[in-house]
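# Structural overview for review
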Amino acid sequence: MTMVLAILRARPEQADALDAALREVAESTLREPGALAYTVARQDGERFLVVERYADHAAREAHFAAPYVTGLLARFPELLAEEPLVEFADVLTAFAR
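Now for a description of the structure that goes with this document. (Residues numbered from 1 in each chain as written. Predicted model: local features only at pLDDT ≥ 70, side-chain atom pairs only at ≥ 80, totals over all residues. Heavy atoms only, no water.)

A word on the nonpolar core. Of all hydrophobic cores here, the largest spans 20 residues; its most connected members are Leu 8, Leu 18, Leu 22, Phe 48, Val 50 and Leu 72. Among the secondary structure elements, those contributing two or more residues to this core are β1 (2–9), α1 (15–29), β3 (47–54) and α3 (67–79). Examining the composition of this core, we find that five residues originate from one element, α1, more than from any other. Apart from residues no more than four positions distant in its own chain, Leu 72 is found in contact with Leu 18, Ala 21, Leu 22, Val 25 and Leu 79. (Core = buried A, V, L, I, M, F, W, Y, C linked by side-chain atoms within 4.5 Å. Buried < 20%, exposed > 50% of the residue type's maximum accessible area, 1.4 Å probe, protein only. Helix = DSSP H or I, 4+ residues; strand = E, 2+ residues; numbered from the N terminus. Contact = heavy atoms within 4.5 Å.)

Dropping the structure here:
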């Protein structure tokens, strides 16, 4: 299993647009066969945390190649106040209740 952690800071006037875009990507990701979990959280109004888990590296790569993801990434210059922090890691252990 592999995961992605992204920290995004929206431009103040674009925070609601980023919120809506992340929700749309989450809905589309739900239909990906290799997507195991996708969480979006909003912090302090303009800061967003995204945590994703995929069955394997191929599933993660397929996600980042999907048109709804590439479309969102292309909008980052207009939506974000700074470069996103994105980390990739192999999951050692996890659970959900």
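Next comes the rest of the account.
Turning our eyes to something else, we now look at unusual backbone geometry. For Asp 44, which is not glycine, the phi dihedral falls at a positive 55°. Locating Asp 44 in the fold gives a position in the loop between β2 (35–43) and β3.

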